[in-house]
Amino acid sequence: MIRTVESASASAPVLAAYSYCETVTGQQARNFAYGIRLLPTPKRRAMSALYAFSRRVDDIGDGVLPADVKVARLDDTRALLARVHAGEIDEDDTDPVAVALAHAARRFPIPLGGLDELIDGVQMDLRGETYETWDDLKVYCRCVAGAIGRLSLGVFGTEPGARGAERASEYADTLGLALQLTNILRDIREDAEDGRSYLPADDLAKFGCSAGFHGPTPPEGSDFTGLVHFEVRRARALFAEGYRLLPMLDRRSGACVAAMAGIYRRLLDRIERDPEAVLRGRVSLPGREKAYVAVRGLSGLDARHVTRRTVRRRA
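Everything quoted here is computed from the prediction, not taken from an experiment.

Thresholds applied
- By convention here, each chain's residues receive numbers from 1 onward along its written sequence.
- Per-residue local features are limited, in this predicted model, to residues with pLDDT of at least 70; the limit for side-chain atom pairs, both in listing and counting, is 80 or more; totals at the level of whole chains, interfaces and linings are taken over all residues.
- Only hydrogens and water are set aside; all other atoms, that is, all heavy atoms of the structure, feed into the side-chain values.
- Helix and strand definitions here come from DSSP, where helices need a minimum of 4 consecutive H or I residues and strands a minimum of 2 consecutive E residues; each element is numbered from the N-terminal end.
- Radius of gyration means the value over C-alpha atoms here, while the globule rule gives 2.2 Å times the residue count to the 0.38 power.
- Categorising residues by exposure relies on relative accessible area from a 1.4 Å probe, with only protein chains included: less than 20% of the type maximum marks a residue as buried, more than 50% marks it as exposed, and the intermediate range marks it as partly exposed.
- Contacts are residue-level and defined by heavy atoms, with any inter-residue pair within 4.5 Å sufficient.
- To measure how exposed things are, a 1.4 Å probe is used in the Shrake-Rupley method; for residues, cover is taken only from the protein chains shown.
- Note on charges: Lys and Arg go in the positive column, Asp and Glu in the negative column, and His and the chain ends are not counted at all.
- Where a charge lies is defined by one atom per residue type: Lys uses NZ, Arg uses CZ, Asp uses CG and Glu uses CD.
- In this description, a line fitted to the C-alpha atoms serves as the axis of each element, helices being fitted only across the stretch in contact, and the angle between N-to-C directions of two axes falls anywhere from 0 to 180 degrees.
- Our angle categories are set so that under 35 degrees counts as roughly parallel, over 145 as roughly antiparallel, 65 to 115 as roughly perpendicular, and the remainder as oblique.
- Here is the rule for handedness: rotate from the far helix to the near one, and if that takes an anticlockwise turn smaller than a right angle the crossing is left-handed, while a clockwise turn gives right-handed.
- Think of it as three bins: nonpolar holds Ala, Val, Leu, Ile, Met, Phe, Trp, Tyr, Cys and Pro, charged holds Asp, Glu, Lys and Arg, and polar takes everything else, Gly as well.
- Aromatic rings from Phe, Tyr and Trp, taking only the six-membered ring of Trp, are treated as a pair when their centres fall within 6.5 Å; an angle between ring planes under 30 degrees marks them as stacked, one over 60 as edge-to-face, and anything in between as tilted.
- Here the expected span of a helix is defined as 1.5 Å times the quantity of residues minus one.
- The arc in question is formed by the directions pointing from the helix axis toward the C-beta atoms.
- We define a salt bridge as a contact between a side-chain nitrogen of Lys or Arg and a carboxyl oxygen of Asp or Glu at a distance within 4 Å.
- Throughout this description, the term nonpolar core refers to a set of buried Ala, Val, Leu, Ile, Met, Phe, Trp, Tyr and Cys residues connected via side-chain atoms within 4.5 Å.

Chemist: Looking at this structure, how should I read the overall build of the chain?
Modeler: Secondary structure summary: the chain contains 15 helices and 0 strands in total. Against the 2.2 N^0.38 benchmark of 20 Å for 315 residues, the chain shows a C-alpha radius of gyration of 20 Å, consistent with a compact globule. Here the chain holds 315 residues, and 50% of them are scored as buried. Partitioning the contacts of the chain with sequence separation of at least 6, the portion at a separation of at least 24 is 73%. For the chain, the accessible surface area stands at approximately 14500 Å², while carbon and sulfur atoms represent 50% of it. If you average the places of the 45 positive and of the 44 negative side-chain charges in the chain, the two averages end up 10 Å apart.

Structure representation (structure tokens):
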């Protein structure tokens, strides 16, 4: 079982650092913010610190700086993370993200090595790596998304006596893979415009899409719909496996996970209904639909559904 570590009330500098991270999260997190709003204050703050650090890493990778400058900044960020890990960040440090993350890591058993994995994943992007098979792509997805699932679990913890809790980290990782594969499908056109390709080359070849995606229509003679539906089925299987985490969490942590995952599952539904929409622009959900998913998560419907399904399988 994963437990949280109690600490004294946060000081004014730490509270200011958390406030900065929450502002970053609220302004930039989109889907993520809907989930963490459901958490109690200490967990919400810790998740905001994780997001703000992760966002910094992503922004380095996605920015317009020369590649060598990006590499240097990622090295600096890794060195900062090492200082956080070593307990070398003071409350009056000038970097609010580092201050908040250091406090969160003292309060919760966060596996900070997951942030090193995130940096590894962004470095893979900078090297322009492509992926021949799903097994190859999984390595990347585990770095940039599975690691986030495991980091988040460090904040959430598991309920005392939860059945199968020894596999909680595995399920959190798998849920991260499901979210990342959904992201990859949603961003096919955008990534192509940036010169990036994530879907496995084997899959692209199977459906006649090896030429890539450079416009609002699929490659001539391809079975683009077949490709998307194939990847959607893969993502749904990952969601089904990762959702086994929900009954192991307390109500509000489970609601947070259900809300974030639920938004992405609905994105997946939209992509499945109209595969070529991802070539025309970014597929997204309106705010009211995200709010509905958050309410559904808070009600515990998804967790209860997973529990019933698991019980039936064991019967």
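Having seen it, we continue.
Chemist: Where do I start with the packing of helix α8 (residues 168-186) against helix α11 (residues 224-242) in this structure?
Modeler: Helix-helix packing: each pair is described by the crossing angle between the helix axes and the interaxial distance. Running from N to C, α8 and α11 cross one another at 155°; their axes reach a closest spacing of 8 Å. Put simply, α8 runs roughly antiparallel to α11. The element α8 and its partner α11 pack so that their crossing is left-handed. In this structure, α8 contributes Glu170, Tyr171, Thr174, Leu175, Leu177, Ala178, Leu179, Leu181, Thr182 and Leu185 to the contact, and α11 contributes Glu231, Val232, Arg234, Ala235, Leu238, Phe239, Glu241 and Gly242. Counted by class, the contact of α8 with α11 contains 11 nonpolar, 3 polar and 4 charged residues.

Chemist: Would you mind showing me how to read the packing of aromatic side chains here?
Modeler: The way to describe two aromatic rings as a pair is by their centre distance and the angle between their planes. This model, assessed by the stated rule, comprises 5 aromatic pairs. Pairing Tyr131 with Tyr140 gives two aromatic rings, centres 5.6 Å apart and planes at 35°, and the pair type is tilted. For the pair formed by Tyr131 and Tyr140, the shared burial category is buried. Plain terms: the ring middles of Phe239 and Tyr243 are 6.4 Å apart, the flat faces sit at 80° to each other, and that makes the pair edge-to-face. Judged by its relative accessible area of 2%, Phe239 is buried. In textbook terms, an aromatic cluster arises when at least three aromatic residues are bridged by ring pairs, as seen for Tyr131, Tyr140 and Tyr198.

Chemist: Mind showing me how you'd approach the side chain of Arg234 here?
Modeler: Tracing the sequence through the fold places Arg234 in helix α11. In contact with Arg234, not counting residues within four places along its chain, are Trp134, Leu181, Pro200 and Asp203.

Chemist: Before we go on, may I ask you to explain helix α1 (residues 12-28) in this structure?
Modeler: Helical geometry: 3.6 residues make up each α-helical turn, so side chains three or four residues apart lie on a common side. With 17 residues, α1 extends 24 Å between its outermost C-alpha atoms, agreeing within 8% with the 24 Å of an ideal straight helix rising 1.5 Å per residue. For α1, the full list of buried residues reads Val14, Ala17, Tyr18, Cys21, Val24 and Thr25. For α1, the arc enclosing every buried residue in end-on projection is 115°, short of the 170-degree limit, so these residues lie on one face. Pointing more than 90 degrees away from the buried face of α1 are the exposed residues Ala12, Gly26 and Gln27. Considering only its buried residues, α1 is in contact with α2 (31-36), α3 (41-62) and α5 (96-107).

Chemist: Help me out: how do you make sense of the pattern of salt bridges in this one?
Modeler: Pairing is possible between side chains of opposite charge, provided their charged atoms come close. Scanning all chains against the criterion turns up 27 salt bridges. We note a salt bridge from Asp173 to Arg142, for which the minimum N-O separation is 2.6 Å. Pair noted here: Asp173 is in helix α8 and Arg142 is in helix α7 (residues 134-156), with a separation of 31 residues, a long-range link. With its nearest N and O atoms 2.5 Å apart, the salt bridge here joins Asp274 to Arg280. Residue Asp274 is classed as partly exposed on the basis of its relative accessible area, which comes to 31%.

Chemist: Honestly, the nonpolar core in this entry has me stumped. Any pointers?
Modeler: Nonpolar side chains tend to gather and get buried jointly when the protein is soluble and globular. If you look at the biggest cluster of nonpolar residues, it comprises 100 residues, and the most contacted ones within it are Leu115, Phe213 and Phe224. The biggest single contributor to this core is α7, with 11 residues. Residues contacting Leu115, with those up to four places away along its chain left out, are Leu50, Phe53, Ser54, Leu81, Leu101 and Leu151.

Chemist: Which parts of the structure should I look at to understand the environment of Arg265?
Modeler: Topologically, Arg265 is positioned in helix α12 (residues 251-273). Judged by relative accessible area, which is 35%, Arg265 ranks as partly exposed. With 29 residues separating them along the chain, Arg265 and Arg236 place their C-alpha atoms 7.9 Å apart.

Chemist: I tried to follow the packing of α3 against α7 on my own but got confused; where do I start?
Modeler: Running from amino to carboxyl end, α3 crosses α7 at an angle of 155°, the nearest separation of the two axes being 9 Å. In this view, α3 runs roughly antiparallel relative to α7, as classed from their interaxial angle. As for the relative orientation of α3 and α7, their crossing is right-handed in sense. On the side of α3, the interface is formed by Lys43, Ala46, Met47, Leu50 and Ser54, while α7 contributes Ile148, Leu151, Ser152, Val155 and Phe156. Split into classes, the residues belonging to the contact of α3 with α7 amount to 7 nonpolar, 2 polar and 1 charged.

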